[in-house]
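# Examination of the molecular architecture
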Amino acid sequence: MNTTFEDRLLDELKGEVVRRAAGAGPVAVVSRRVVTPRRAGLALAACGAAAAFAVALPGAGTTAAYAVQTHPDGTVTFTLEDVRLSGPQQRDLVRKLTDAGVHTQVNKVPAGQRCHDPEASMADNEIVKVDIAPDGQQPQPWHRTLHRGDTVRIDNSAHGVVYTFLKGEISPCVLEPID
C-alpha cells in the first residue's frame with residue numbers, strides 16, 4: 001500500500017505517543033542514506049541537461065540590444081547594437097536615457113506619414129535613419145554622444161525606425177504626409 005509521507009509521519013507519531021504513555025521511552029530511529037549512487041547520478045544528469053539547455057537558448061551569450069553610459073563630464077554615450085527594439089526594450093531605453101538627463105520622445109507614426117522635423121537649428125542636430133535592410137540583415141552597430149538636455153526622438157512606423165538626435169527639448173510630433 002502506497003502511503004504519503006504525512007500518513008507515515010502520523011502513524012509514527014501515534015506509535016510514539018502510545019510508547020511514551022506505556023513508559024517505554026523513545027524508539028531508536030533507523031537512519032537511511034540520503035545520497036545514494038542512483039540519486040547522485042540523477043542529480044548530475046539534471047545539472048548537465050540544465051547547462052545544455054542554457055547554452056542552447058536563443059540569444060545566450062549575445063550582447064544587449066543597446067547601452068546607455070553616463071560620463072563624469074555630463075555626456076552620455078548611446079550605443080545601438082540592434083535596431084529591432086521591442087516595445088518593452090524601447091520603454092526601458094527611454095527610462096535609462098531619462099535617468100541620464102536626456103529627453104526622449106517615442107512616436108507611433110501611421111503608414112504614409114512622418115513626423116515633421118522640429119523647428120531647430122538642424123546644423124547642430126543629426127538625423128539618423130535606421131531601417132532593417134530588405135534582405136533582413138542587421139545594420140552595423142553605431143553610437144552617439146549626447147549631452148544632458150539633448151533629445152532622442154524615436155519614430156516607429158511600418159517602414160522602420162527613425163532616430164533623431166536634437167539639442168534641447170522639442171515639441172510633440174506633428175504628422176505630415178510623406179512626399
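Up top is the structure these notes are about.
Read on for a plain summary of the structure. (Residues numbered from 1 in each chain as written. Predicted model: local features only at pLDDT ≥ 70, side-chain atom pairs only at ≥ 80, totals over all residues. Heavy atoms only, no water.)

Across the sheet, three strands lie side by side as S1-S2-S6; this open sheet has antiparallel pairing. Of all the strands in the sheet, just strand S1 (66-70) and strand S6 (142-147) have a single pairing partner and so form its edges. Geometrically, the sheet is characterised by an average inter-axis angle of 15° between neighbouring strands, direction not taken into account. With six bridges joining them, strand S2 (residues 75-80) and S6 adopt antiparallel strand pairing. (Pairing = 2+ DSSP bridges. Helix = DSSP H or I, 4+ residues; strand = E, 2+ residues; numbered from the N terminus. Axes fitted to C-alpha atoms, helices over the stretch in contact; angles between N-to-C directions.)

For strand S8 (residues 160-166), the buried fraction is high: six of the seven residues fall into the buried class. Taken together, the seven bridges between strand S7 (residues 151-157) and S8 define a ladder with antiparallel strand orientation. Bridge pairing in S8 places Val152 opposite Phe165. (Buried < 20%, exposed > 50% of the residue type's maximum accessible area, 1.4 Å probe, protein only.)

In this section: the packing of aromatic side chains. Evaluation of the coordinates by the stated rule reveals two aromatic pairs. Taken together, a centroid distance of 6.4 Å and an interplanar angle of 50° make the contact between Phe78 and Tyr163 tilted. Of the two residues, Phe78 is situated in strand S2 and Tyr163 in strand S8; the sequence distance between them amounts to 85 residues. On the basis of relative accessibility, which here comes to 0%, the residue Phe78 falls in the buried class. (Phe/Tyr/Trp six-rings, centres within 6.5 Å; stacked < 30°, edge-to-face > 60°.)

Read these as spatial facts, not as claims about activity.
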